[in-house]
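These are the residues of each chain, in order.
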Amino acid sequence: MNLKGLPGGQYKPLSDRGIATIHDTALMILEEVGFTYESGLDQVLALLESAGAKVDAGTARVTFPRTFIEEHIRSAPESVILYSRDGENDLDLGEDRVHLGTGGAAVRIVDMETGLYRSTTLKDLYLLGRLVHKLENIHFFLRPCIPRDIPETAYDVNVFYTCFRATTKHVMAGVNDIEGFRKVLELATMVAGGEKVLAQKPFISIITSFAISPLKLCTQSTTIMREAVLNKIPVALSCAPMAGSTSPVTMAATLAQVHAEQLAGIALCQIINPGAPVIYGGIPGTANMRNMAYQGGAVECGMMNAAIHQMARHIKVPNYNSSGLTDSKVPDGQAAWEKAITTLLAAMGGSNYVHHAAGMLDSMAGLAYEQFVIDDEIIGMSCKVLKGIDVDPEHLALEVIKDVGPGGNFMIHPHTLKHMRSEYFPGNGVTDRDGLSRWEQQGRMDARERARMIVGKILDAPEEPCLPADVDLAIREKFSEIKTI
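No experiment lies behind these values; they were computed from the predicted model shown. (Residues numbered from 1 in each chain as written. Predicted model: local features only at pLDDT ≥ 70, side-chain atom pairs only at ≥ 80, totals over all residues. Heavy atoms only, no water.)

Draft legend 1. Summary view of the overall build of the protein chain. Of the regular secondary structure elements, the protein chain holds 18 helices and 23 strands. Projecting the C-alpha coordinates of the protein chain onto the three principal axes gives extents of approximately 80 × 55 × 50 Å. Contacts spanning at least 24 positions in sequence make up 75% of the contacts within the protein chain whose residues lie at least 6 apart. Total accessible area on the protein chain stands at roughly 20,800 Å², and carbon and sulfur atoms take up 54% of it. Distance between charge centres in the protein chain, computed from 45 positive and 57 negative side chains, equals 1 Å. (Helix = DSSP H or I, 4+ residues; strand = E, 2+ residues; numbered from the N terminus. Contact = heavy atoms within 4.5 Å. Areas by Shrake-Rupley, 256 points an atom, 1.4 Å probe, with all protein chains shown as cover. Lys, Arg positive; Asp, Glu negative; His and termini not counted. Charge placed at Lys NZ, Arg CZ, Asp CG, Glu CD.)

Draft legend 2. Structural detail: the sheet that holds strand 14 (residues 216–217). Read across the open sheet, the three strands follow the order 2-14-13; overall the sheet is mixed. A strand with exactly one partner marks an edge of an open sheet, and here the two such strands are strand 2 (36–37) and strand 13 (211–212). Pairing of strand 13 with strand 14 involves two bridges; the strand directions are antiparallel. Across the sheet, Ala211 pairs through a bridge with Leu217, a residue of strand 14. (Pairing = 2+ DSSP bridges.)

Draft legend 3. Here's a closer look at the packing of aromatic side chains. In the structure shown here, the tally under the stated rule is six aromatic pairs. Seen in terms of ring centroids, Phe35 and Phe64 are 6.0 Å apart; in terms of plane orientation they differ by 85°. Their pairing is edge-to-face. You can see Phe35 sitting in the loop between helix 1 (16–32) and strand 2 and its partner Phe64 sitting in the loop between strand 4 (61–63) and helix 3 (66–73), a full 29 residues away along the chain. Take Phe35 and Phe64: they sit in the same class, and that class is buried. Their ring planes at 80° and their centres at 5.5 Å tell us that Phe164 and Phe203 sit as a pair that is edge-to-face. (Phe/Tyr/Trp six-rings, centres within 6.5 Å; stacked < 30°, edge-to-face > 60°. Buried < 20%, exposed > 50% of the residue type's maximum accessible area, 1.4 Å probe, protein only.)

Draft legend 4. Molecular detail of the nonpolar core. By size, the foremost hydrophobic cluster in this structure holds 126 residues, and its most contacted members are Phe64, Phe160 and Phe164. Among the elements that make up this core, the one with the highest residue count is helix 9 (residues 251–272) (twelve residues). Residue contacts for Phe164: discarding those within four places in its chain leaves Arg85, Val171, Leu187, Ala188, Val191, Phe203, Ile204, Cys466 and Leu467. (Core = buried A, V, L, I, M, F, W, Y, C linked by side-chain atoms within 4.5 Å.)

Draft legend 5. Local environment of empty space enclosed by the protein. One pass over the full model with this rule turns up three cavities of 30 Å³ or more. Its volume calculated, the largest cavity comes out at about 50 Å³. Lining the largest cavity, in full, are Tyr294, Gly296, Cys301, Gly302, Asn305, Ser322, Ser323, Gly324, Leu325 and Thr342. Tallying contributions element by element places helix 10 (residues 299–314) first for the lining of the largest cavity, with three residues. In the lining of the largest cavity, the residues fall into three nonpolar, seven polar and no charged. (1 Å grid on protein atoms, 1.4 Å probe; cavity = no way out; pocket = protein on both sides within 12 Å on 5 of 7 lines; lining within 4 Å. Points joined across faces, edges and corners; volume = space filled by probe spheres on them. Nonpolar A, V, L, I, M, F, W, Y, C, P; charged D, E, K, R; others polar.)

Draft legend 6. Seen up close, the packing of helix 1 against helix 10. Direction vectors running N to C along helix 1 and helix 10 enclose 70°, while the axes themselves pass 10 Å from each other. Relative to helix 10, the element helix 1 is oriented roughly perpendicular. Every residue of helix 10 that contacts helix 1 at Ile19, Ile22 and His23 is listed here: Gln310, Met311 and His314. Among the residues forming the contact of helix 1 with helix 10, the class breakdown is three nonpolar, three polar and no charged. (Axes fitted to C-alpha atoms, helices over the stretch in contact; angles between N-to-C directions. Parallel < 35°, antiparallel > 145°, perpendicular 65-115°, else oblique.)

Draft legend 7. Seen up close, the environment of Leu230. When you line up the elements, Leu230 lands in helix 8 (residues 219–230). Given a relative accessible area of 42%, Leu230 falls into the partly exposed group. Leaving out residues up to four positions away in the same chain, Leu230 has contacts with Ile272 and Asn273.

Draft legend 8. Geometry of the layout of surface pockets. Of the voids in this model, the largest pocket is the one considered here, and its volume is about 470 Å³. Together, 22 residues line the largest pocket, and Ala105, Arg143, Ile207, Ser209 and Ser238 are the ones closest to its centre. Residues that form the lining of the largest pocket fall into these classes: eleven nonpolar, ten polar and one charged.

Draft legend 9. Expanded view of the pairing of strand 17 (residues 278–282). Of all five residues making up strand 17, five are buried, and the element is well covered by its neighbours. Side chains of strand 17 alternate between two faces, with Val278, Tyr280 and Gly282 and Ile279 and Gly281 buried alike. As judged from the five bridges shared by strand 15 (residues 235–239) and strand 17, these two strands associate in the parallel manner. In the strand pairing of strand 17, Leu237 is matched with Tyr280.

Draft legend 10. Up close: the pattern of salt bridges. Under the counting rule described, the total for this entry stands at 21 salt bridges. Its salt-bridge partner being Lys183, residue Glu179 comes within 3.9 Å of it at the nearest N-O pair. With Glu179 and Lys183 both in helix 6 (residues 178–192), this residue pair falls four residues apart, about one helical turn. Relative accessible area serves as the criterion here: at 23%, Lys183 is assigned to the partly exposed category. Between Asp375 and Lys339 there is a salt bridge whose closest N-O contact spans 2.8 Å. With Asp375 in helix 12 (residues 369–387) and Lys339 in helix 11 (residues 333–349), this pair connects stretches of sequence that are 36 residues apart. The same class applies to Asp375 and to Lys339, which are both buried. A single salt-bridge network, built from bridges that share partners, covers Asp92, Glu95 and Arg97. (Salt bridge = Lys/Arg side-chain N within 4 Å of Asp/Glu carboxyl O.)

The structure is reproduced here in structure tokens:
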């Protein structure tokens, strides 16, 4: 059942007036408050000033006239396509088309053997990529963990190479520095078979956390963003303020701040390279006011992330945001309800590229293999909602009702056989729909145990190489720092 790219937009937490008011407030923030910045951004500041922004070096403040923002965001593409290498999992981001997948930078994972947390490794990244490659409701592979067993100097090329080996779905990740980006670009060019091929159908994109909330340009991420934009590699302009900590505690104010940050980032990208593919990357969250930790599973996160799509649509730019986070440390009931609610809200909100939707635990710090399988089911169910109910002669089945007649049975009717696999969400096997006696015969397993069995079945199957052998060999000869798994 193909549930990728279905139209959302059924849930709208903001009224039209609310959208307009937040947008206007964001423009006032940029004009009257502006951004500060880290040192080392002289080229970017000069570019902004020459384009009409006001740079005050004495106070380290950049302010953006309303007309400046309105002029430059107009050149951002209304739709961005994030390509897959197999051509079967391309993501057309635009309007209210919905795609959900992995994300995060977890540093620990629940070990499949011991059930205890341990540090994440490059092999985990590879195995998770293989898992996602087979889970059809997870639409893309955004690097979900930080391998702790490779040196920082070899990080970027190892991460992207490992992702390419594991899946042909679209790959997104951040990079550590300009040198790392250039290596990744060279790697992707080798995989694509040339610069022109990659430029035509980029199957990678880069997360650029250019803004340190509130309202501060990050030197390293802004520099990476500039390099990616110059090369027309799609960028997600990630900024993640926490209400009550790095943004005001109220949802409307947090949305106004994150919208201001996004407007500035989008305008900067278009000054650097007009028409460059950018993705509005606001991912507002909330702070736990008892301990100031990130509160990933709050229902308000789902509400604000749905609102983010409305704000992105208002300026006609596709969006990247978040769902499926949980404060639970293991795949349990709390994880299930927090993930299901925020994922359904993001999908029904129409968000174009929803990361974190699969695998995450412990407010983005942890992962579990089996959680990816459970979340594949949650994503599939959420996307099935977007299909709605078909009402036409075939689905109304009036002739079938006449044929069977009062007191009859529809079980073996051809109409039933024709539609029984397409009308209802089939699931991946993790949901139990058997009777009590069969459940007992099969070992009284809960959803987590069934998910672990599915993980084992996928990962124990023969590996399907996602890189041609000659390309793989050429890459290893080119990049000696690539680690053998």
